[in-house]
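One letter stands for each residue in the lines below.
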Amino acid sequence: MSHSTPDPNAAAGNVYDGLLEHHDVAGDDSQWAFGTDFEDPLAGVDTTVPDDVDAHELATYCLMLGDDALVLSQRISEWCSNAPDLEEDIALANIALDLLGQARLLLARAAAADPSVVPTLPEGSPVPAEDALAFFRDAGQFRNLRITEVPNGDFAHVVVRTLLFATVRLSLFTRLAESRDPVLAAIAAKGVKELTYHRDYAGRWFLTLAQGTDESRRRLTAALAELWPLFGEPLSTHPVEAGVAAAGVGVDPAAVADEVDVVLEQVFAVSGVDRPGAAPLAGVQGRTGRDGLHTEALSRMLAEMQVVARAHPMGKW
Amino acid sequence: MPTTDTETGMAPDPTAERALLEQFDAIVERNDRVEPRDWMPEGYRKTLIRQVAQHAHSEIIGMQPEGNWISRAPSLRRKAILLAKVQDEAGHGLYLYSATETLGPSRQELTEMLLAGKQKYSSIFNYPTLSYADVGTIGWLVDGAAICNQVPLCRTSYGPYGRAMIRVCKEESFHQRQGYELLMTMMQGTDEQRAMVQESVNRFWWPALMMFGPPDDESPNTAQSMAWGIKRNTNDDLRQRFVDMSVPQAEALGVTLPDPELRWNEERGHHDFGQPDWDEFMQVVKGNGPCNAQRLAHRRRAHEDGAWVREAALAFADKSGGLDTPALVPREGYSTSETEEVR
């Protein structure tokens, strides 16, 4: 069967049209998905911190959640063009993009709540706060969980890491959507939809790999054994988290531990995988990722991530 | 999905075949679409498989040069834009592999032909990306050249290819604007950034011109492809269009194009311009470009590293009665082992 072609000239016209009009000066910003100038991710949002909330504590909490998303996004984006199949390449890029979006909002929220957390750049630098935070802090200033930063392994590794991370974060964000800070509540509400997909994606692949071949099962259990010691940290309470939870703006991770346990138990049971028994990875003098104490991998990852931005502190991108 | 009898392209007897050919010619003649279940000459099918597969492979290999800068993008906004763009290329690869599958070969078979070097991809991706400005230059010039090549393909005679191209072109156009906007922003930055943009444009201008293929008098397949309505314009026509389009854009940007012969020709109503180094082009086509081996090795490694995952998905699908099949299932049937040159 044949069909008439739609008007070919119309199709040809709209792609060539107007490249210059939109670019030679400021142009028509509505043509751009991301705007022509830097857009403040919180543009138009009232970022006033509730009166009785410690602004520095709130900012630090936002850095913790933002750094988790930024660092894991960076790791997952390393999969781009390396996944087992095109569908998986696209799915992993989606997850990395979602987390990157969460990171931008949370870092911007941190900067708005307490500008003193933002590194100082040379006078007149056009670098926005979210980028100053992402690209001009050293490893010791990052507050992310260590499970987000360890280097990638095989596909089973990214499946297990995503499952563990998304399960905790989904529980946290579900409660955080009720935060007394309306900005954090809105960020969390948006994140819930994304994290639901991340957990579902990782959970399906967990089951598939567990029940697939002997080789996939071997790799899955190896990845789980490798990552499990890092899974104590996401469910333990840092004093900042306790503080923001008490103030009604944050969530204490210990409060979601039971819920997380139920979800994981179900995934393990359906998959026929035993829950690992390994003890949590110790910190150094009691300090872990939330305190800025990291694995050796983080500074190496940041060296790569920050290299162009740091070479051009006065640069416009 | 094609049925077995259309895959052979053979009609039961010569009279019937002549009638089918006349019908096919009439479809092409009146600019209608040929659809997967329609009869088509074997040469048409093979030419299309070669061209659409090459296009699909180009999208997939094309993820690498820009993917090279995702981890180092200098702002979070640029990181998001770049990651989304490279993801779009994977999506284009998917549509185009699907369009090729309507002609017979499975994605699995096509991938194997790419990895074996039996099918090509666009030579532009055998050039390295050496600074962040290259992300913008690839958007502006490489995607721009691709759009010039691809917009006429929205009207190509084969339906699934033409429809895939409409969506691809819309997204490519968006990418081109994003690339140009990155360069424009950098040009408003520091002297180092402006120098970075100029250096990048100097490196990519000639390879971008090569993307239209050799001059018409050295492009043996063009005439037949145009007669079949697969190709709509000659290489030189499209190259001219691209140069005419790019010159004012370069001026608005504030960069020079590295061609001393480039000037407006009032009489022709077009720009005159110099010829790319066609010896270099042939070297890259033959596999000796700066990144040919690296690009294929990357793809091969990713494919091999993922083999156990694809096997697990198939095994799981078998066990669970096909309820959950996250990865592709190779399809039996069509096989072609012919080695074909890029042009």
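Fair warning: this is a prediction, and the values are worked out from it, not measured in the lab. (Residues numbered from 1 in each chain as written. Chains lettered and ligands numbered in written order. Predicted model: local features only at pLDDT ≥ 70, side-chain atom pairs only at ≥ 80, totals over all residues. Heavy atoms only, no water.)

## Section: the overall build of chain A
When you go through chain A residue by residue, the secondary structure sums to 10 helices and 0 strands. For chain A, the succession of helices and strands along the chain, N to C, is α-α-α-α-α-α-α-α-α-α. For chain A, the proportion of its 317 residues judged to be buried stands at 55%. In chain A, 79% of the contacts between residues at least 6 apart in sequence involve partners at least 24 apart. Of the roughly 12,700 Å² of accessible surface on chain A, 53% is carried by carbon and sulfur atoms. (Helix = DSSP H or I, 4+ residues; strand = E, 2+ residues; numbered from the N terminus. Buried < 20%, exposed > 50% of the residue type's maximum accessible area, 1.4 Å probe, protein only. Contact = heavy atoms within 4.5 Å. Areas by Shrake-Rupley, 256 points an atom, 1.4 Å probe, with all protein chains shown as cover.)

## Describing the overall build of chain B
In terms of regular secondary structure, chain B is built from 14 helices and 2 strands. Taken over the C-alpha trace, chain B has a radius of gyration of 21 Å; the compact-globule value for 343 residues is 20 Å, and the two agree within 12%. When the backbone C-alpha atoms are referred to their principal axes, chain B occupies close to 70 × 55 × 30 Å. Buried positions account for 63% of the 343 residues belonging to chain B. The centroid of the 37 positive side-chain charges in chain B is displaced by 4 Å from the centroid of its 50 negative side-chain charges. (Rg over C-alpha atoms; globule rule 2.2 N^0.38 Å. Lys, Arg positive; Asp, Glu negative; His and termini not counted. Charge placed at Lys NZ, Arg CZ, Asp CG, Glu CD.)

## A look at the nonpolar core
Residues A:F155, A:F206, A:L209, B:W140 and B:F242 are the most contacted members of the largest nonpolar core, which totals 194 residues. Of all the elements, helix α3 (residues 86-113) of chain A adds the most residues to this core, at 18 residues. Residues contacting B:F242, with those up to four places away along its chain left out, are B:L141, B:G144, B:A145, B:C148, B:W205, B:A208, B:L209 and B:F212. (Core = buried A, V, L, I, M, F, W, Y, C linked by side-chain atoms within 4.5 Å.)

## Examining the interface of chain A and chain B
Often, the extent of an interface is quoted as the loss of accessible area upon association of its parts. The interface is formed by 74 residues belonging to chain A together with 78 residues belonging to chain B. For the pairing of chain A and chain B, the buried interface totals around 6,700 Å² over both sides, and the portion due to carbon and sulfur atoms is 66%. Applying the counting rule to chain A against chain B returns 2 salt bridges. Here A:E87 and B:R107 are joined by a salt bridge, their closest N and O atoms 2.5 Å apart. Inspection of the region where chain A meets chain B yields 17 residue pairs in polar contact (both at pLDDT 80 or more). Within the residue set of the side of chain A that touches chain B, elements represented by two or more residues are α1 (8-16), α2 (55-77), α3, α4 (129-135), α5 (155-176), α6 (182-211), α7 (214-227) and α10 (296-311) of chain A. If one sorts the elements of the side of chain A that touches chain B by residue count, α3(A) sits on top with 12 residues. Along the lines of polarity and charge, the residues of the side of chain A that touches chain B split into 36 nonpolar, 22 polar and 16 charged. (Buried area = accessible area lost by both parts, 1.4 Å probe. Salt bridge = Lys/Arg side-chain N within 4 Å of Asp/Glu carboxyl O. Polar contact = N/O pair within 3.5 Å; in protein donor to acceptor, adjacent residues only side chain to side chain. Nonpolar A, V, L, I, M, F, W, Y, C, P; charged D, E, K, R; others polar.)

## Quick word on empty space enclosed by the protein
Evaluation of the coordinates by the stated rule reveals 8 cavities of 30 Å³ or more. Here the second largest cavity defines a volume of roughly 190 Å³. Taken together, 16 residues form the lining of the second largest cavity, with A:D85, A:L86, B:T111, B:R299 and B:H303 sitting closest to its centre. For the lining of the second largest cavity, the secondary structure elements donating two or more residues are α3 of chain A together with α6 (107-115) and α13 (292-305) of chain B. When residues in the lining of the second largest cavity are grouped by element, the largest group, 4 residues, is from α6(B). Looking at side-chain class alone, the lining of the second largest cavity contains 8 nonpolar, 3 polar and 5 charged residues. (1 Å grid on protein atoms, 1.4 Å probe; cavity = no way out; pocket = protein on both sides within 12 Å on 5 of 7 lines; lining within 4 Å. Points joined across faces, edges and corners; volume = space filled by probe spheres on them.)

## With respect to the confidence of the model for chain B
Residues and elements named next belong to chain B. With 90% of its residues at a pLDDT of 70 or more, chain B shows a mean pLDDT of 89. This stretch, residues 1-7, has a pLDDT under 50; its non-local contacts, to residues over four places away or in other chains, come to 15 contacts. In this model residues 325-343 is a low-confidence stretch, pLDDT under 50, and it forms 53 contacts with partners more than four residues away in sequence or in other chains. Scored by ipTM, the complex comes to 0.89, with pTM at 0.89. (pLDDT = per-residue confidence, 0-100.)

## Some remarks on the packing of aromatic side chains
Geometry of an aromatic ring pair is reported as the spacing of the ring centres plus the angle between the planes. The full count for this structure, using the stated rule, is 15 aromatic pairs over all chains. With a centroid separation of 5.8 Å and an interplanar angle of 20°, the aromatic rings of B:W205 and B:F242 are classed as stacked. Placement of B:W205 in helix α9 (residues 191-210) and of B:F242 in helix α11 (residues 235-253) is noted, with a sequence separation of 37 residues between them. By the burial criterion, B:W205 is buried, and B:F242 matches it. For the ring pair B:W278 and B:F281, a centre distance of 5.2 Å and an interplane angle of 85° mean the geometry is edge-to-face. Taken together, the positions of B:W278 and B:F281, both in helix α12 (residues 278-288) and 3 residues apart, correspond to about one turn of that helix. Note on B:W278: relative accessible area 16%, which makes it buried. For B:F281, a relative accessible area of 7% corresponds to the buried category. The rings of A:F206, A:W228, A:F231 and A:F268 are connected pair by pair, giving a single aromatic cluster. Over the ring of A:F142 we find A:R137; its NZ or CZ atom is 4.2 Å from the centre of that ring. Seen from the ring of B:W69, B:R72 lies directly overhead, with NZ or CZ sitting 3.7 Å from the centre. (Phe/Tyr/Trp six-rings, centres within 6.5 Å; stacked < 30°, edge-to-face > 60°. Lys NZ or Arg CZ within 6 Å of the ring centre and 35° of its normal.)

## Brief notes about the packing of helix α5 (residues 76-101) of chain B against helix α8 (residues 159-187) of chain B
Residues and elements named next belong to chain B. At a minimum axis separation of 10 Å, α5 and α8 run at an interaxial angle of 160°. Looking at the two axes, α5 sits roughly antiparallel to α8. Considering the relative orientation of α5 and α8, their crossing is left-handed. Residue classes in the contact of α5 with α8 are distributed as 10 nonpolar, 4 polar and 8 charged. (Axes fitted to C-alpha atoms, helices over the stretch in contact; angles between N-to-C directions. Parallel < 35°, antiparallel > 145°, perpendicular 65-115°, else oblique. Left-handed = near helix turned anticlockwise from the far one by under 90°.)

## Examining the state of the cysteines
Two cysteines whose sulfur atoms are joined by a covalent bond form what is called a disulfide. Residues and elements named next belong to chain B. Applying the stated criterion across every chain, the model contains 0 disulfides over all chains. C154 carries a free sulfur, and the closest cysteine sulfur to it, the one in C169, is 3.9 Å from it. In this structure C154 comes out as buried when scored by relative accessible area, which is 6%. (Disulfide = S-S within 2.5 Å.)

## Re the packing of α5(A) against α7(A)
Residues and elements named next belong to chain A. Axis separation between α5 and α7 bottoms out at 8 Å; the angle between their running directions is 50°. Judged on the interaxial angle alone, α7 and α5 are oblique. The crossing of α5 and α7 is right-handed. Contacts from A156, H157, V160, R161 and L164 of α5 reach α7 at R219, L220, A223, L224, E226 and L227. By residue class, the composition of the contact of α5 with α7 is 7 nonpolar, 1 polar and 3 charged.

## Quick look at the layout of surface pockets
The calculated volume of the largest pocket comes to roughly 510 Å³. If you go around the largest pocket, you meet 29 residues; those closest to its centre are A:E78, A:C80, A:S81, A:N82 and B:H298. Of all the secondary structure elements, the ones that give two or more residues to the lining of the largest pocket are α4 (63-67) and α13 of chain B. Residue composition of the lining of the largest pocket, grouped by class: 10 nonpolar, 13 polar and 6 charged.

## Looking at the pattern of salt bridges
All names here are of chain B. Scanning the model with the defined rule gives 34 salt bridges over all chains in all. As a salt-bridge pair, E66 and K85 come within 2.8 Å of each other at their nearest N and O atoms. Of the two residues, E66 is situated in helix α4 and K85 in helix α5; the sequence distance between them amounts to 19 residues. By the burial criterion, E66 is buried, and K85 matches it. Residues K85 and D143 are paired through a salt bridge, measuring 2.6 Å at the closest nitrogen-oxygen approach. Here D143 lies in helix α7 (residues 133-150) and K85 lies in helix α5, a separation of 58 residues in the sequence.

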